[in-house]
Structures are given as structure tokens and as C-alpha cells.
Amino acid sequence: MKYVIRSLKYYCYLLLLLVVIILALVLTGFVEADLSKMFVNGYDSLWQIAIIMLIFAVIYPRFGFSRRTAHLYGSPEELRPDIVRTMENLGYKLESEQGGTYAFRRRSGLSRALKMWEDRITIAPSGAGLEVEGLTRDLARVVSGLEATRGEGV
């Protein structure tokens, strides 16, 4: 279900971005305001563009969100201060904590909005260290920050 919601959010985001770009082009006078003259196929181009964006929106969550392992060892209680400090230094705040699993959100409202409120980073203990889940582009920074904190990374 989370995958479908992310796809729908991304689809709406892409459509909104298209509308903003078209409005900017019309308002600056680069294109005429008539859709039949704006696109090669006229009004047929709208549903073609919508289908292409739908395909991208369906594919994006598969690559945009992932899991990585941070190689830190110890009990969640021992690691908690280092995890919270590192995440705060990276611009996140602790949202919830349950049984050694931590959920963090971006502190900045603007940053959260630009990521369509899909900014949650979840950190859970695993056999190989800590399992970190969230936006793929943020995970490299978070994992390297966590591993550098204790100097125990592999």
C-alpha cells in the first residue's frame, strides 16, 4: 500500500510540475496559450504525457526508496545517543522510538515539502548492525554518518 501511495504522490508531483512549467512558458510569452498549438499532437499530447508520467511514477518508488546496513554493533540502548546525535547533525529529529527502532523526520518544513513528506528514515537493529530505510539519495549520507560516529564501520 505504501508503494501505491508513493506512486500517486509522485504522479501528482509530476503533473503539478508540468503545469507550472507550461504556465511559466505561457506567461513569459515563449508559447501560445492554446494547447492545440502548444503541442505537436494538440490535445492528444495531454493524455500521452499523462501516461508517460504515470509510467515514471509507478517505477520511481522501486528505485527511490531502499534499505542499507550501517555496520555498528552494540545494543540499541548503547547506540541510542550516537544515533540521535548523528541524525540531528544531519538535519533530522526523532519522531518515534519503539523497541530499538527509531524513526526520524527532517526538521525543515521546506525540505519535507520538497520530498513530498516522504522524508522518514527508519533505523532498526539487525544481525549485521543497523538496518537503515528511506530515500535512496539520503541513505548514503546517513549510513556513512552513523558508521563514522563510532569509528566501527567496516
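Computed from a prediction, not measured in an experiment: that's the story for all the values here.

**Looking at the overall build of the chain**
When you go through the chain residue by residue, the secondary structure sums to six helices and five strands. When the elements of the chain are put in sequence order from the N terminus, they spell out α-α-α-β-α-β-β-α-β-β-α. Computed over C-alpha atoms, the radius of gyration of the chain comes to 21 Å, more than 25% over the 15 Å expected from 2.2 N^0.38 for 154 residues, which places it beyond the range of a compact globule. The principal-axis extents of the C-alpha atoms in the chain amount to approximately 65 × 25 × 25 Å. Considering the chain as a whole, with its 154 residues, one finds that 34% of them fall into the buried category. In the chain, the proportion of contacts linking residues at least 24 apart, taken out of those at least 6 apart, comes to 53%. Total accessible area on the chain is roughly 9400 Å²; 63% of this is exposed by carbon and sulfur atoms. Side-chain charges of the chain comprise 19 positive and 16 negative groups, with the mean position of each set lying 2 Å from the other.

**Regarding the environment of Leu146**
Relative to the helices and strands, Leu146 is located in helix 6 (residues 136–150). Once you skip the residues sitting within four places of it in the chain, Leu146 turns out to touch Ala70, Leu72, Ile83, Thr86, Ile123 and Val132.

**Points about helix 3 (residues 44–64)**
The terminal C-alpha atoms of helix 3 lie 30 Å apart, and with 21 residues this matches the ideal 30 Å at 1.5 Å per residue to within 8%. Where helix 3 bends most, at Val58, the angle is about 25°, and the proline Pro61 comes one to four residues later. Listing the buried residues of helix 3 in full gives Ser45, Met53, Ala57, Pro61 and Gly64.

**Looking at the packing of helix 1 (residues 2–27) against helix 3**
Where helix 1 contacts helix 3, the axes come no closer than 8 Å and their chain directions differ by 140°. The angle between helix 1 and helix 3 places the two elements in the oblique class. In this structure, the crossing between helix 1 and helix 3 has a hand that is right-handed. Contacts between helix 1 and helix 3 involve Tyr3, Arg6, Ser7, Tyr10, Tyr11, Leu14, Leu15 and Leu18 on the former and, on the latter, Ile49, Ala50, Met53, Leu54, Phe56, Ala57, Val58, Ile59, Tyr60, Pro61 and Arg62. Grouping the amino acids of the contact of helix 1 with helix 3 by side-chain chemistry returns 16 nonpolar, one polar and two charged.

**Some thoughts on the environment of Leu23**
Examined against the element boundaries, Leu23 turns out to sit in helix 1. We classify Leu23 as partly exposed; its relative accessible area is 47%. Linking Leu23 and Ala33, residues ten residues apart in sequence, is a C-alpha distance of 8.6 Å.

**Here we look at the confidence of the model for the chain**
Taken residue by residue, the chain gives an average pLDDT of 84. The fraction at 70 or more is 97%. When mean pLDDT is taken per element in the chain, helix 1 scores highest with 90 and helix 5 (residues 109–114) scores lowest with 74.

Definitions and limits used
Residues numbered from 1 in each chain as written. Predicted model: local features only at pLDDT ≥ 70, side-chain atom pairs only at ≥ 80, totals over all residues. Heavy atoms only, no water. Helix = DSSP H or I, 4+ residues; strand = E, 2+ residues; numbered from the N terminus. Rg over C-alpha atoms; globule rule 2.2 N^0.38 Å. Buried < 20%, exposed > 50% of the residue type's maximum accessible area, 1.4 Å probe, protein only. Contact = heavy atoms within 4.5 Å. Areas by Shrake-Rupley, 256 points an atom, 1.4 Å probe, with all protein chains shown as cover. Lys, Arg positive; Asp, Glu negative; His and termini not counted. Charge placed at Lys NZ, Arg CZ, Asp CG, Glu CD. Expected span 1.5 Å × (residues − 1). Bend = angle between axes of the 7 residues up to and from the residue. Axes fitted to C-alpha atoms, helices over the stretch in contact; angles between N-to-C directions. Parallel < 35°, antiparallel > 145°, perpendicular 65-115°, else oblique. Left-handed = near helix turned anticlockwise from the far one by under 90°. Nonpolar A, V, L, I, M, F, W, Y, C, P; charged D, E, K, R; others polar. pLDDT = per-residue confidence, 0-100.

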